[in-house]
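# Chain and residue survey
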Amino acid sequence: MRKQAATSSHPKRHRQSRGLVNGALLLSFAALIAKVLSAFYRIPLQNLVGNTGFYVYQQVYPLYGIAMTFALSGLPVFISKLIAEIDEVAVRRQVAKRVLSILAVFSGCLFGLLFFGAPVIATAMGDRGLIPLIQVVSGMALFMPGLAVGRGFAQGLFDMRPTAISQVVEQVLRVAIIIVVAWLAASQHWIVYRMGAWAMSGALFGAVAALIVFVPFYQQLFGQQDQAVLPKDYDWLVLARRLLREGGTICLFAAVVLLLQLVDSFTVKRGLVSAGMTQAGAKSLKGVYDRAQPLIQLGLVVATSFSATLLPTLSAALNGRREKAVQTTLTTLIHVSVALSVTATAGLIVLMPMINLVLFGSMTGSMALAIYCLSIVFASLISTYNSILQSMNQYRLSLTALLAGVLAKALFNYQAVVSFGINGASWMTVISLFVMLVVIWLGSPAEMREALTGGRFVRKLGLATMVMAVITGFIANQLQVSLEPGRIAAILVTLVGVIVGVITFVGMALWTRLFSTREWLTLPGGKRLLKIMVQFENN
């Protein structure tokens, strides 16, 4: 009888495992759509409103971005783990209500801090014209509890559809409103602060649309009176402490790049003015510096999207304590992430003046943008290592690394800007991320370090990247010399450079045997490339 029961449980576990993997893939796909939208809309926004208009938007954007990260990926991850560990339906609902109440208090305090503290925050940023923008963004805090609990509860039941749908709906509506506002501002000659406030209001409309997705969930949650007695593990104080410790760590690390951008908001423009620039000139140059944000976001999308699909496999291997499977998946995860981030960074740096001209209409600030692109390598590695550590339920190391990096940026960024301009701010972002990576590296388990340093992967990657950069740079320079200067020529040079770079890197990766068969299969088109390589070797 036991044998029969055990046998019958296998298909159930298999279905749950398959559902978890499919759900994770759905969530990854929705996140990919949202990230691409979030990166691309800034290009027409900058083209429509100019450098100063872009500065106004980007000064306040980190506040919105951090709030969105809390509501989208930080708190829902913690809440989903909380819900998944509870078996009784009534207890789940009671815990969800308590978490919602705790978050409501927190979000109310955050809203008050941002709304009524907007004059102080704007003054600290060196621009009191930003006050209405900060007050608009403060409204996002009010939507955080509803979105976080709705998403987290669904994910805790391994249903990723509500989160995926709400995420895409929120971003599509927000981006549409921002582009319409930018077009109206350009055609009607609005002042940049009016444009910024209306553009930021898109976040509120997007949050309302996302919350509508969870109306059936909340009708069910509050439509039933549960009389369940909660264990002491779910007392108000215990839940609040766990939200602060575990949920807070996940949230802060999910917003690591945004935290560094927030430091820039308080220091870059003020530093430029202290270095002798006019207010108008400093705002415009900060807008040029902010061009790096969509480039970095696109680079991180390329670097982390494919590796993210391996995280469910890693979690399953860790839960099953299959050491060989853990090491294999770790190696694949890190190799793919590092290779894609290094390649994307090298390509962006080599083609940066042309990319800057194509996307933003001028080559101004190309050096600062190229330096900033180095952060893609460190940020993607940090993201990958942090995801692995979270799978192992290790949070303290990530928090320590985060605090060390942000502190380095906060302490030295202003002086770096005064001394070296926006190049200094770019270098401080790269150095801060490097500090975080070193702290994580030194404190991480040996198998995580061996996944990168074992074998000849780093040397092979360095050779492949160097050859790609030299060939791409040479061809791009030759094309640039032979064509009439302008945006059309820059588009042609960039397209040719990207094609040459991809073909060169893939060829070098195949020749040096950079990736294992498993790693090739993780990449799009990897299976076809393996077939070509086998046919070439046979001939």
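## Quick look at the overall build of the chain
- A count of helical and extended segments in the chain gives 24 helices and zero strands.
- The buried share of the chain, reckoned over its 539 residues, is 52%.
- Accessible surface for the chain amounts to roughly 24,400 Å². Of this, 67% is attributable to carbon and sulfur atoms.

## Regarding helix α11 (residues 256–274)
- With 19 residues, α11 extends 27 Å between its outermost C-alpha atoms, agreeing within 8% with the 27 Å of an ideal straight helix rising 1.5 Å per residue.
- Along α11, the largest kink reaches about 35° and is centred on D264.
- With 15 of its 19 residues buried, α11 lies for the most part within the structure.
- Directly after α11, the chain includes G276, whose backbone phi takes a positive value near 115°.

## Considering the nonpolar core
- Ranked by internal contacts, the top residues of the largest apolar core, which has 149 residues, are L45, L75, I79, V95, V99, L130 and V149.
- When residues in this core are grouped by element, the largest group, 20 residues, is from helix α2 (residues 42–84).

## Some thoughts on the packing of helix α21 (residues 457–482) against helix α22 (residues 487–512)
- α22 packs onto α21 with a crossing angle of 155° between their chain directions and a minimal axis gap of 8 Å. With respect to α22, the axis of α21 lies roughly antiparallel. Handedness of the α21/α22 crossing: right-handed.
- Taken together, the residues of the contact of α21 with α22 sort by class into 15 nonpolar, seven polar and one charged.

## Topic: the environment of S419
- Its location among the elements puts S419 in helix α18 (residues 396–420).
- The exposure class assigned to S419 is partly exposed, which follows from its relative accessible area of 45%.

## Structural notes on the packing of aromatic side chains
- As enumerated under the stated definition, the model contains eleven aromatic pairs in all.
- Ring geometry for F115 against F116: centres 5.2 Å apart, planes inclined by 80°, an arrangement best described as edge-to-face.
- You can call F116 exposed: its relative accessible area is 64%.
- Pairing Y218 with F222 gives two aromatic rings, centres 6.3 Å apart and planes at 20°, and the pair type is stacked. In this pair, Y218 and F222 both sit in helix α9 (residues 215–223), four residues apart, roughly one turn of the helix.
- In this structure Y218 comes out as buried when scored by relative accessible area, which is 14%.
- Under the relative-accessibility criterion, F222 is labelled partly exposed at 46%.
- Aromatic rings pair up to connect Y41, Y57, Y61 and Y64 into one cluster.
- Here R42 stacks its cationic end above the ring of Y61, 4.2 Å away from the centre of that ring.
- When the ring centre of W190 is taken as origin, the NZ or CZ atom of R194, which lies over that ring, is 4.1 Å away.

Each value, and the rule that gives it
Residues numbered from 1 in each chain as written. Predicted model: local features only at pLDDT ≥ 70, side-chain atom pairs only at ≥ 80, totals over all residues. Heavy atoms only, no water. Helix = DSSP H or I, 4+ residues; strand = E, 2+ residues; numbered from the N terminus. Buried < 20%, exposed > 50% of the residue type's maximum accessible area, 1.4 Å probe, protein only. Areas by Shrake-Rupley, 256 points an atom, 1.4 Å probe, with all protein chains shown as cover. Expected span 1.5 Å × (residues − 1). Bend = angle between axes of the 7 residues up to and from the residue. Core = buried A, V, L, I, M, F, W, Y, C linked by side-chain atoms within 4.5 Å. Axes fitted to C-alpha atoms, helices over the stretch in contact; angles between N-to-C directions. Parallel < 35°, antiparallel > 145°, perpendicular 65-115°, else oblique. Left-handed = near helix turned anticlockwise from the far one by under 90°. Nonpolar A, V, L, I, M, F, W, Y, C, P; charged D, E, K, R; others polar. Phe/Tyr/Trp six-rings, centres within 6.5 Å; stacked < 30°, edge-to-face > 60°. Lys NZ or Arg CZ within 6 Å of the ring centre and 35° of its normal.

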